[in-house]
Amino acid sequence: MEVDAEDFARCLPRLRRRIFRAAFVAFDMEFTGLHSTSLQNNEPSLFDSPAERYVKARQSVQRFTLVQLGLAIFSKENSNKYVVHSYNFFLFPSTLGVRDVEFTLSASSIQFLSHYGCDYNKFLKDGIPYMNEVQEKILRQRLLAGTWKVCSTSNADKDVLKKAIDEVTSWIAAAKEEDTMILQDLKGYHMLDIQLVLRQSLKNVWTMPLGDKKVMVKKVSLEHRQLLENSSYDHCQKKLILLSARGFTNVFQTLVKAKKPLVGHNMLLDLMHLHDKFYRPLPESYEEFKRNIHNLFPVIIDTKTVTKYVQKKCLFPRVSSLLEAYAVLCSSNLNPKGPPYPVITLASGCSRYAEKKYPHEAGYDAFLCGSVLLMSAHLLLCRSTEDAVEADPSFSQYLTVLAEQVNKVNFIRGGVPSINFSGEDALCRLPPALVVHVRGWPGLTERQIYQEFKARCHFDVRRLSKNQFILLSSKYKHVRLVLRDYRHHPHLQVSVYRHWRHSPSVNCLLQISGIVALWSLLAFVLGGARSC
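Being a predicted model, the structure only gives us computed values, none of them experimental.

Draft legend 1. Structural detail: the overall build of the protein chain. Tallying secondary structure elements over the protein chain gives 21 helices and 16 strands in all. Sorting the 532 residues of the protein chain into buried and exposed places 49% on the buried side. Taking as baseline every contact in the protein chain between residues at least 6 positions apart, the subset at least 24 positions apart corresponds to 73%. Carbon and sulfur atoms form 53% of the exposed surface of the protein chain, whose accessible area is close to 27,200 Å².

Draft legend 2. Representation of the sheet that holds strand β16 (residues 492-496) within the structure. Reading across from one edge, β14-β15-β13-β16 is the order of the 4 strands in this open sheet, with antiparallel pairing throughout. Where the open sheet ends on each side, the last strands, each with one partner, are β14 (460-465) and β16. Strand-to-strand, the axes of this sheet are offset by a mean angle of 25°, without reference to chain direction. Sitting on the sheet, helix α18 (residues 446-454) is in contact with β13 (434-438), β14, β15 (468-472) and β16, with an inclination near 130° to β14.

Draft legend 3. Main features of the sheet that holds strand β7 (residues 215-219). Ordered in space as β5-β7-β6, the 3 strands form an open sheet in which the pairing is antiparallel. Strands at the two margins of the open sheet, each flanked by one partner only, are β5 (180-183) and β6 (205-209). Across the sheet, the mean angle separating the axes of adjacent strands is 25° when strand polarity is ignored. Examined bridge by bridge, β6 and β7 share 5 bridges and lie antiparallel to one another. Counted as the bridge partner of Met208 is Met216 from β7. Packed on one face of the sheet, helix α6 (residues 158-172) meets β5, β6 and β7 and runs near 165° to β5.

Draft legend 4. Molecular detail of a positive patch on the surface. A cluster of like positive charges, contributed by Lys308, Lys312, Lys313, Arg318, Arg429, Lys475 and Lys477, occupies part of the molecular surface. Of all the elements, helix α13 (residues 303-313) adds the most residues to the positive patch, at 3 residues. Along the chain, Lys313 turns up in helix α13. According to the relative accessible area criterion, Lys313 is exposed, its value standing at 51%.

Draft legend 5. Region of the structure containing the pairing of β15. Of all 5 residues making up β15, 5 are buried, and the element is well covered by its neighbours. Of the two faces of β15, the one lined by Gln468, Ile470 and Leu472 and the one lined by Phe469 and Leu471 are each fully buried. Taken together, the 4 bridges between β13 and β15 define a ladder with antiparallel strand orientation. Pairing of Leu434 across the sheet is with Leu471, part of β15. Bridge analysis of β14 against β15 gives 5 bridges, and the strand direction is antiparallel. Its bridge partner lying in β15, Ser465 is registered against Gln468. The hairpin turn running from β14 into β15, its antiparallel successor, is 2 residues long.

Draft legend 6. A look at the pattern of salt bridges. One pass over the structure, following the stated rule, counts 15 salt bridges. Residue Arg280 is joined to Glu133 by a salt bridge in which the shortest nitrogen-to-oxygen separation is 2.9 Å. With a gap of 147 residues between them, Arg280 in the loop between α11 (268-279) and α12 (286-296) and Glu133 in helix α5 (residues 133-145) connect regions that are remote in the sequence. You can call Glu133 partly exposed: its relative accessible area is 35%. A salt bridge links Arg140 to Glu136; the nearest nitrogen and oxygen atoms lie 2.8 Å apart. Here Arg140 pairs with Glu136, and both are found in helix α5, just 4 residues apart, close to one helical turn. On the basis of relative accessible area, Glu136 is assigned to the buried category, the value being 9%. Three or more residues are tied together by salt bridges with common partners; here these are Asp48, Arg53 and Lys56.

Criteria and thresholds
- Position labels on residues start from 1 in each chain and follow its written sequence.
- Note on the predicted model: pLDDT of at least 70 is required for a residue's local features to be given, and 80 or more for side-chain atom pairs to be given and counted; whole-chain, interface and lining totals, by contrast, use all residues.
- To get the side-chain values, all heavy atoms of the structure are used, and hydrogens and water are removed first.
- The helix and strand labels rest on DSSP assignments: H or I over at least four residues marks a helix, E over at least two residues marks a strand, and numbering proceeds from the N terminus.
- Burial classes: relative accessible area under 20% of the type maximum marks a residue as buried, over 50% as exposed, and values in between as partly exposed (1.4 Å probe, protein chains only).
- Here, residues are in contact when the closest pair of their heavy atoms is within 4.5 Å.
- A 1.4 Å probe and the Shrake-Rupley method give the accessible areas. Residues count as covered only by the protein chains that appear here.
- One requirement defines pairing of two strands: DSSP has to find at least two bridges between them.
- Orientation is described by lines fitted to C-alpha atoms, with helices fitted over the stretch in contact, and by angles between N-to-C directions that extend from 0 to 180 degrees.
- Within this analysis, patches are made of residues with over 30% relative accessible area and no salt bridge. Like charges are joined at 9 Å or less; nonpolar side chains (Val, Leu, Ile, Met, Phe, Trp, Tyr) at 5 Å or less.
- Note on definitions: salt bridges are taken to be side-chain nitrogens of Lys or Arg within 4 Å of carboxyl oxygens of Asp or Glu.
- Counting rule applied: Lys, Arg positive; Asp, Glu negative; His and chain ends not counted.
- Charge positions come from single atoms, namely NZ of Lys, CZ of Arg, CG of Asp or CD of Glu.

Right, dumping it as structure tokens:
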């Protein structure tokens, strides 16, 4: 089900009910960019610790925004059947009462999503607003002070506003008190904005929504206006304005309150955007970010981490995408003896995803994500015991068999396999680093070293000193290959990195210690000579 700003208010109560009834919720996001190229050394690297990667990703998350957010709500029915309500939301930052939001577009990301059919008009024109707690506090203060304003024309198109104001100002000059007029053909997200602008601009009018796409404007006295403003029937009460401006943040707050298991795929960036866009601006501290996410969502499951675990435990081929993992798990020969997978059925309003593949549409990827979780957990449950698995296992049984993967989020191209949101991160598991000592090849750069080894294997490169570079790889076979092939190279001497031997700080310390020891020896010798 595709949801934009016009449909959102109508869908919200039903969404809330389904989330509270769900067994778990899967989600996915599409962004205007991933890694900012305008920032130096911002690309992910094998040298990154989780804290260092967080600092890099935080800078990018603050520059980019969301295009789509997909939610797949999995509700368990009888006989091991799950019904899925999958939603694809187009989002756009709230423009009501908060500082105008700026964001960056990455050409490659926009081109990539366009290739897969993303409609950017829906993002720009029909996106559901959202805001975090800091932005909401600013809007609340401005509403109380009467100093709010529409900051941009994204959700309240300038032409629509101008036309409405022109119509009302032309009519009101000749109108009498209690006369009314109707503004027609308004989109859902214009309804509130136009009423607020008219009420702020004209003190002798009152507005009221009339069903779908219509607003009634009434000429009133100043005394009558004051009475209406204090009425409980006012459709533009401050709490309703906040509800409208919060937009999708209302769904986020429902997810937090419901505390359902939250499922994603390679979900570190998704969690960072959740925190930044709907909760609070990302903190500088990596540990504080982890604590906040764990408090918001005590149970998170990354299907990338799960499928990597399944590959170790079962005869599961290596896959490179969520769609590939889904296709492999749907294969019947992975679990020939155990009971069949749980039946996963898309609800009637979401059947589009059953008829055709929509890769990189957030709602479809969220559906795939939840389905991969269920099938992976079922496969692991069948392999975890020699006893027969009951035909209708509960979701809590699936969570039990996935206990080692709960709250472990995949760490893409880094020194640790995952980030632990409920404890200490694992220690580095990379192969040993290599050190390259350059001889007779002056002015060599990190890029040139990278290109030199690229033909054989992939290493990340970092300069250690003027004539030394460190190489890091994620594969032991690459380390062995380079050590073998560069044994007799005329210009590049490659060896295993030893901290006590190659570290500039250790070498500096040893040199200082040597100098101190030499002076001490000299002082001792000279002192002994004088005493003689």
